[in-house]
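# Fold and geometry: a report
Single-letter residue listing:
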Amino acid sequence: MKPLRNLMDKLEPNFQEGGKWHKYWPLYDGFATFLFTPGHATGKGAHIRDSIDLKRTMAMVILAMVPAMLIGMYNVGFQHFRALGEEAAFMDTFLYGALKVLPLIIVSYGVGLGVEFLFCIIKGHQINEGFLVSGMLIPLVCPPDLPLWMLAVAVIFAVVIGKEVFGGTGMNVLNVALTARAFLFFAYPADISGDKVWISGNLVAAGENANVVDGYTGETALAQFAKVGGEVSHLGGVAYDGISDFLMAGFIGLVPGSVGETSALGILLGALILIATGIGSWRIMLSVVAGGLAMGYLLNGVAGMFPDNPYLAIPPFYHLIFGGFAFGAVFMATDPVTASQTPTGKYIYGFLIGVLAVIIRVLNPAYPEGMMLAILFMNVMAPLIDHYVIQSNIKRRLKRTKALAHA
Amino acid sequence: MSTETTVQEKAPKAPAKPLFTAKDRKLITDPLDDDNPITVQVLGICSALAVTVQLKPALFLCMGVLFVMVFGSATISLLRNLVPSRVRIIVQLVVVAALVTVVDLALKALAYDVSKELSVFVGLIITNCIVMGRLEAFALANKPGPSILDAFGNALGYSVILIIVAIFREFFGSGSIMGFNLIPQGFYDMGYVNNGLFILPPMALILVGIIIWVQRSRNKKLIEAN
């Protein structure tokens, strides 16, 4: 650490007022405060200062994403080799996935931070560290074979239109990572939805590859639910011995899907880290799960009346294990900028996300996955929820003071 | 400020009045930038979203709006002292509706495929806020000459934005402009894909937003003090 500190100290005068690179001060400041906790201290008055600042918070969220990402990387290789009917060694499998996922992460960070630096230099602001988390989230919610240029376009769109036009980190209405995904989803639907993109290696696109094992299907578990209900026997190149085998694969994360969202186990570990450190709101996570389960049971209850839609009949807890529900609940819905701010508002916000996600999944045949749209919709509604929570609090207290005054 | 200058101009009764005075020219140039009907007055957004997927229908709609606005403004301006103010909206509607019917029938007769493409949006010129807005705000209180210039300017300002949005949407959404393919096949072979979001109406809204952003960062007059 010492040589790094010395280097930063030596470089600092160049960036200060009058230095030759003064224009790029935000750049230096961004790097310096990323590497070392800044030494500012509050001079006067009794202010309580937490030692954790925004950059440290972001680093913790990224740490929480690591389990899901590592299992996701392994899963990319696993799905690929299984679809070809090959047995590969653990390290080979992991390396295949890592080589698919790392370029996505590098492009996401490179492009996103590039846009942020550009805006900071133009506006003369400090660097916004908000992209540290978004840059990691975006590759984790994309299919492994997404063309890198599409990712780059989506990141530019999300950072500029989703965030910078509103004034940068902390001012955005919509979750940046989901804005990028929504952009991809509507701009390039063939590369982020359907049944050809979830298993790496362009297996179907390359002309009905003859090497694919018998019974290969490229769909995600959610697309299968829409077709056959909960009795899924086959996903990708893997056939399951009964339903418990399938559920176990889904829980560990060895099913086709976007890179980081398949593993409920990894996401659960991440959730524990976030809750233990107090960074992620447990209120939101809990209420998203509650909302999803409540809507799941409700739809399950009426399943008998609508035999045409097998999705209705799946056990509600399947919603938590498969697809992006868990990932969205833990990492997206809890985004402190775009979520509701009041504790009561957080319960309402989370519950409605869960409810909407399941409604979209089950009742809209065009979208087997609904988490993205549910969270984006509730992002827009979050300020409204907060407004009414605050107003009702004011009304309640006014009533109380009036009652006291009359007594 | 502007009223003072007009008083001064009128007082000496300039013998040889030029065809377009500076004030007349401002009537045409103002709506192009400083007082653009879409980006500054924020009128007529619906049609900017609906008909800008491709450039060709956008151009036809612009011509329709230009026609309706110029003749509508001229008519209302001529009638302005005859119409009781209580029924002025109805009179404006009748005039505009008649002109829109002319446009609609003309399109059906001369360019049937475009007319089908524009479908209901020709009829909806009647409800285009720009048309009624300018009749109400300008033609009712001014002589036919300036009214025509004002209508012409506003229709042009509207058209400029529509054409910019349509060019971007058609190029990125369909890879063509005016129906001519501009992106070579080699790009598609290398993996380029047309952007489906540009086909959808929300992208038109975002594009209009970006135009407003660029315009305001260049034109300091438009920055609100707050």
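Residues numbered from 1 in each chain as written. Chains lettered and ligands numbered in written order. Predicted model: local features only at pLDDT ≥ 70, side-chain atom pairs only at ≥ 80, totals over all residues.

This part takes up the overall build of chain B. The helix and strand inventory of chain B stands at 11 helices and two strands. For chain B, the α and β elements follow one another from N to C terminus as α-α-α-α-α-α-α-α-α-β-β-α-α. Each of the three principal axes of chain B carries a C-alpha extent, and together these read 70 × 45 × 35 Å. For chain B, with 226 residues in total, the buried portion stands at 31%. Considering only contacts in chain B between residues 6 or more positions apart, those separated by 24 or more positions represent 76%. (Helix = DSSP H or I, 4+ residues; strand = E, 2+ residues; numbered from the N terminus. Buried ≥ 20, exposed ≤ 12 C-beta atoms within 10 Å, placed from the backbone. Contact = placed C-beta atoms within 7 Å.)

This part takes up the overall build of chain A. If you tally the helices and strands in chain A, you get 15 helices and two strands. Out of the 407 residues belonging to chain A, those deemed buried represent 46%. For chain A, the proportion of contacts with a sequence separation of at least 24, taken over those separated by at least 6, is 70%.

Moving on to helix α5 (residues 88-110) of chain B. Residue and element names in this part refer to chain B. Compared with an ideal rise of 1.5 Å per residue, which puts 23 residues at 33 Å, α5 spans 33 Å between its outermost C-alpha atoms and is within 8% of the ideal. If you check which residues of α5 are buried, you get Gln92, Val95, Val96, Leu99, Val100, Val103 and Leu107. Looking at the packing, one finds that the buried side of α5 touches α4 (55-79), α6 (112-118), α7 (120-123) and α8 (129-137). (Expected span 1.5 Å × (residues − 1).)

Turning to the domain arrangement of chain A, a few remarks are in order. All names here are of chain A. Domain parsing of chain A yields domain 1 (54-191) and domain 2 (221-391). Domain 1 and domain 2 are separated by 20 Å when their C-alpha centres are compared. Breaking the side of domain 1 that touches domain 2 down by element, the ones donating at least two residues are α3 (54-83), α5 (131-140) and α7 (176-187). If one sorts the elements of the side of domain 1 that touches domain 2 by residue count, α3 sits on top with 17 residues. Within the side of domain 1 that touches domain 2, the residues separate by chemical class into 26 nonpolar, eight polar and two charged. (Domains from an automatic or database assignment. Nonpolar A, V, L, I, M, F, W, Y, C, P; charged D, E, K, R; others polar.)

Before going further, it helps to spend a moment on the environment of Gly242(A). Tracing the chain through its elements places Gly242(A) in helix α9 (residues 242-252). Sequence-wise, Gly242(A) and Lys402(A) are 160 residues apart; in three dimensions their C-alpha atoms are separated by 64 Å.

With that settled, the discussion passes to the environment of Gly123(B). Residue and element names in this part refer to chain B. Summarising the element assignment, glycine 123 is placed in helix α7. For the pair glycine 123 and valine 103, spaced 20 residues apart in sequence, the C-alpha to C-alpha distance is 9.0 Å. Once residues lying within four places of it in the same chain are set aside, the contact partners of glycine 123 are Val100 and Asp104.

When the terminal C-alpha atoms of helix α4 (residues 90-123) of chain A are compared, their 48 Å separation across 34 residues agrees well with the 50 Å that a helix rising 1.5 Å per residue should span. Phi turns positive, to about 70°, at Gly124(A), one or two residues after α4(A).

A word on the nonpolar core. All names here are of chain A. Among the nonpolar cores identified, the biggest contains 149 residues, and Ala180, Leu184, Ile353 and Ile375 are the most heavily contacted of them. If you tally residues by element for this core, the top one is α3, at 12 residues. Among all residues touching leucine 184, those that are not within four sequence positions of it are Cys142, Met150, Ala154 and Ile192. (Core = buried A, V, L, I, M, F, W, Y, C linked by C-beta atoms within 7 Å.)

Let's shift gears to the interface of chain A and chain B. In this complex, chain A contributes eight residues to the contact, which on the side of chain B involves eight residues. Among the elements that line the side of chain A that touches chain B, the one with the most residues is α7(A), at three residues. Residue composition of the side of chain A that touches chain B, by class: eight nonpolar, no polar and no charged.

Turning next to the packing of α4(A) against α5(A). Residues and elements named next belong to chain A. Relative orientation of the contacting elements α4 and α5 amounts to 145°, with a least axis distance of 8 Å. At the point where α4 passes α5, the crossing takes the right-handed sense. On the side of α4, the interface is formed by Val101, Leu104, Ile105, Ser108, Tyr109, Gly112, Leu113 and Glu116, while α5 contributes Phe131, Ser134, Gly135, Met136, Ile138 and Pro139. Tallied by class, residues from the contact of α4 with α5 come to nine nonpolar, four polar and one charged. (Axes fitted to C-alpha atoms, helices over the stretch in contact; angles between N-to-C directions. Left-handed = near helix turned anticlockwise from the far one by under 90°.)

Quick look at the environment of Leu156(B) now. All names here are of chain B. Residue placement: leucine 156 occurs in helix α9 (residues 144-174). Linking leucine 156 and cysteine 62, residues 94 residues apart in sequence, is a C-alpha distance of 8.0 Å. When near neighbours in sequence (up to four residues on either side) are disregarded, leucine 156 contacts Pro31 and Leu32.

Time to look at the confidence of the model for chain B. Caution is warranted with low-pLDDT regions, since their predicted coordinates should not be read in detail. Residue and element names in this part refer to chain B. Mean pLDDT over chain B: 82, with 91% of residues reaching 70 or higher. Throughout residues 1-12 the model reports pLDDT below 50, and contacts reaching past four residues in sequence, or to other chains, amount to two contacts. Predicted complex metrics record ipTM = 0.80 and pTM = 0.85. (pLDDT = per-residue confidence, 0-100.)

Residues and elements named next belong to chain A. Where helix α6 (residues 148-163) meets α7, the axes come as close as 8 Å, and the angle between the chain directions of the two elements is 130°. As the angle between them shows, α6 and α7 are arranged oblique. Pair α6 / α7 crosses with right-handed handedness. Judged by residue contacts, Met150, Ala154, Val155, Phe157, Ala158, Val159, Gly162 and Lys163 of α6 engage Val176, Thr179, Ala180, Phe183 and Leu184 from α7. Residue composition of the contact of α6 with α7, by class: 10 nonpolar, two polar and one charged. (Parallel < 35°, antiparallel > 145°, perpendicular 65-115°, else oblique.)

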